[in-house]
Amino acid sequence: MAQTYDICIRGAGIVGRTLALLLARERLRVALVAAPPPEGAAPDVRAYALNAASRQLLEGLRAWPDTEHATAVTRMQVHGDQGAQLHFDAGELGAEALTWIVDVPALEARLAEAVRYQPQVELVAEPQPAALTVVCEGRASRTRAEFGVEFEHTPYGQHAIATRLHCERPHAQVALQWFLPDGSILAFLPLEGAHGHAVAVVWSVPQELAPQLLALAPEDFAQQLETASQGALGALQLHGERVAWPLQLAQARQWCGPMPDAAATSAAGARSWVLAGDAAHNVHPLSGHGLNLGLGDVQALAHVLHGRDYWRSVGDLRLLRRYERERKAALLPMRLTTDSLQQLFARREAPVQLLRNLGLRGFEHSGPLKTWMAKQAMGAAQSA
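A few points on the structure. Since this is a predicted model, take the numbers as computed values, not measurements.

**Regarding the overall build of the chain**
Looking only at helices and strands, the chain has 10 helices and 20 strands in total. Taking all 384 residues of the chain together, 52% fall into the buried category. Counted over contacts in the chain with a minimum sequence separation of 6, partners at least 24 positions apart contribute 75%. Accessible area for the chain stands at about 18,100 Å²; split by element, carbon and sulfur atoms hold 53% of it.

**What about the packing of aromatic side chains?**
Taken as a whole, this structure holds 5 aromatic pairs when the rule is applied. Geometrically, the ring pair formed by W64 and W100 is edge-to-face, given 6.2 Å between the ring centres and 90° between the ring planes. Within this pair, whereas W64 is found in the loop between α2 (52–60) and β4 (70–73), its partner W100 is found in strand β7 (residues 99–103), the two being separated by 36 residues in sequence. Ring plane angle 40° and centroid distance 5.7 Å describe the contact between F147 and W273, whose orientation is recorded as tilted. Remark: W273 occurs in strand β19 (residues 272–275) and F147 occurs in the loop between α4 (142–146) and β10 (151–167); sequence separation between them is 126 residues. Taking NZ or CZ as reference, R144 lies 3.6 Å from the ring centre of F151, over its face. Above the face of the F221 ring, R242 is positioned so that its terminal group lies 4.7 Å from the ring centre.

**Topic: the pairing of strand β2 (residues 30–33)**
Alternating residues of β2 divide into V30 and L32 and A31 and V33, and every residue in both groups is buried. When strand β1 (residues 5–10) meets β2, the two strands line up parallel, connected through 4 bridges. Bridge pairing in β2 places I9 opposite L32. Since β1 and β2 lie parallel, the crossover through helix α1 (residues 14–24) that links them has a hand, and here it is right-handed. Both β2 and strand β8 (residues 121–124) contribute to a ladder of 4 bridges, which runs parallel. Within β8, the position partnered with A31 by the bridge is E122.

**So, the side chain of T143**
Note that T143 resides in helix α4. There is a polar contact of 2.8 Å between the side chain of T143 and the side chain of E137. Excluding its chain neighbours within four sequence positions, the residues that come into contact with T143 are R10, V135 and E137.

**A few points about the sheet that holds β1**
Strand pairing in a sheet relies on backbone hydrogen bonds. The paired strands run either parallel or antiparallel. Overall, mixed pairing links the 6 strands, which are arranged β8-β2-β1-β9-β19-β16 in an open sheet. Each edge of the sheet is formed by a strand with only one pairing partner; in this case those strands are β8 and β16 (256–258). Looking at each pair of strands side by side, their axes are set apart by 20° on average, direction ignored. Of the strand pairs in this sheet, strand β9 (residues 130–135) and β19 are connected by 4 bridges, and their pairing is parallel. Each bridged residue has a counterpart across the sheet, and for V134 the counterpart in β19 is V274.

**Quick word on the nonpolar core**
Within the largest apolar cluster, 91 residues are counted, with the highest numbers of intra-cluster contacts made by I7, I9, L23 and V134. Sequence-distant contacts of V134, that is, excluding residues within four places in its chain, are made with I7, C8, I9, R10, L19, V274, A276 and L301. Among the nonpolar cores identified, the runner-up in size contains 22 residues, and I161, C167, V205 and A228 belong to it.

**Observations regarding the sheet that holds strand β3 (residues 47–50)**
Taken together, 3 strands build an open sheet; the order of strands is β3-β7-β4 and the sheet is antiparallel. Both edges of this open sheet fall to β3 and β4, since each of them pairs with a single strand only. Neighbour to neighbour, the strand axes of the sheet diverge by 25° on average, direction disregarded. Here β4 pairs with β7 via 4 bridges, running antiparallel. When the sheet's bridge partners are listed, A72 is paired in β7 with W100.

**Digging into the pattern of salt bridges**
This model, assessed by the stated rule, comprises 12 salt bridges. Linking R253 and E152 is a salt bridge whose minimum nitrogen-to-oxygen distance equals 2.4 Å. One end of the pair, R253, is in the loop between β15 (243–252) and β16; the other, E152, is in strand β10, and 101 residues separate them in sequence. E152 gets classed as partly exposed once you look at its relative accessible area, which sits at 36%. Put simply, D316 and R312 hold a salt bridge, and the shortest N to O gap is 2.7 Å. Pair check on accessibility: D316 and R312 agree, each one buried. One network of salt bridges, with partners in common, ties together R55, E59 and E96.

**So, the packing of α2 against helix α7 (residues 290–306)**
Viewed as axis vectors pointing N to C, α2 and α7 meet at an angle of 55°, and their least axial separation amounts to 10 Å. Viewed along their axes, α2 and α7 adopt a mutual orientation that is oblique. For the crossing formed where α2 meets α7, the hand is left-handed. Here S54, L57 and L58 of α2 come into contact with α7, specifically with N292, L295 and Q299. A class-by-class count of the residues in the contact of α2 with α7 yields 3 nonpolar, 3 polar and no charged.

Definitions and cut-offs
- Residues numbered from 1 in each chain as written.
- Predicted model: local features only at pLDDT ≥ 70, side-chain atom pairs only at ≥ 80, totals over all residues.
- Heavy atoms only, no water.
- Helix = DSSP H or I, 4+ residues; strand = E, 2+ residues; numbered from the N terminus.
- Buried < 20%, exposed > 50% of the residue type's maximum accessible area, 1.4 Å probe, protein only.
- Contact = heavy atoms within 4.5 Å.
- Areas by Shrake-Rupley, 256 points an atom, 1.4 Å probe, with all protein chains shown as cover.
- Phe/Tyr/Trp six-rings, centres within 6.5 Å; stacked < 30°, edge-to-face > 60°.
- Lys NZ or Arg CZ within 6 Å of the ring centre and 35° of its normal.
- Pairing = 2+ DSSP bridges.
- Right-handed = clockwise from strand over helix to strand, strands pointing away.
- Polar contact = N/O pair within 3.5 Å; in protein donor to acceptor, adjacent residues only side chain to side chain.
- Axes fitted to C-alpha atoms, helices over the stretch in contact; angles between N-to-C directions.
- Core = buried A, V, L, I, M, F, W, Y, C linked by side-chain atoms within 4.5 Å.
- Salt bridge = Lys/Arg side-chain N within 4 Å of Asp/Glu carboxyl O.
- Parallel < 35°, antiparallel > 145°, perpendicular 65-115°, else oblique.
- Left-handed = near helix turned anticlockwise from the far one by under 90°.
- Nonpolar A, V, L, I, M, F, W, Y, C, P; charged D, E, K, R; others polar.

Below, the structure is given as structure tokens:
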């Protein structure tokens, strides 16, 4: 007899697996569509900055990585392009950490293990009929395109380059970020625990510069980073492949709708789709909040489905539109902040450089405003 599912999740990345575990708690039968990993793929060099709300969510699912793979950031230093600086300190804010830098492979492994032991979730190779299909396939989602969803996007004219470094000096749990005169943005994110010498790199550079940097010999690329970071961590050695992708501000016009195929209805009622994570929205990585936003999506969707009337299907569009409204409203401040900062620091005119650095200096001494903004970024105001 064919297996029947309440929900089919297309995309078994971090967002998709987290959602599957949340929905399994509601005793919903979940089909998780997992594509086989590409043969000969290089080790993943990405790392994510996860806030307190994301950590609480993942800990509740028993999927938070060990300490060596989730490094607490106790301080952050942001450097402008004319000497202005911002400093954030977790101790001054009464917090354990500003954020945690989490190894992508370690987090994916913990989530995969949790899914493997969850009987309500079944890994499948192809999409399955269900009352609700959740699209978690990332920014280049095929399903979103198949459903005819318009994905409005504005290219930034930048590429992000990610890699790993071994540093001469320990990072001391400090995250470092530089807004550089050419409009590029460089971030060093601490790895391997409190006393580690490793950092994850995210370097947002003008798109015409990216091919040149990727073509450099490892030692020459490390030297470029050492120069850009003003030798903050001493001599640097490349410890990982370099990967790059174009940056954009993007959002789907619709986040939910009825299934477009002939099987859109069944005896169980309407069948619908909904978007989550990068399939629904992209922001610039300068704030480090991309995955936090995606995890916020799945938490909100699970909460809406949990609170539905007993007679409502999980594919009820009224529920899904409630989720869409809630998440679009939550996303808007982050979209505006990251886009404004990117546009501001991409400008190279001398008066603009002067004004933005004066602004950084003013914000550094703004007292309650700076504290409030830091706590928002930390996820302190979010429910888990």
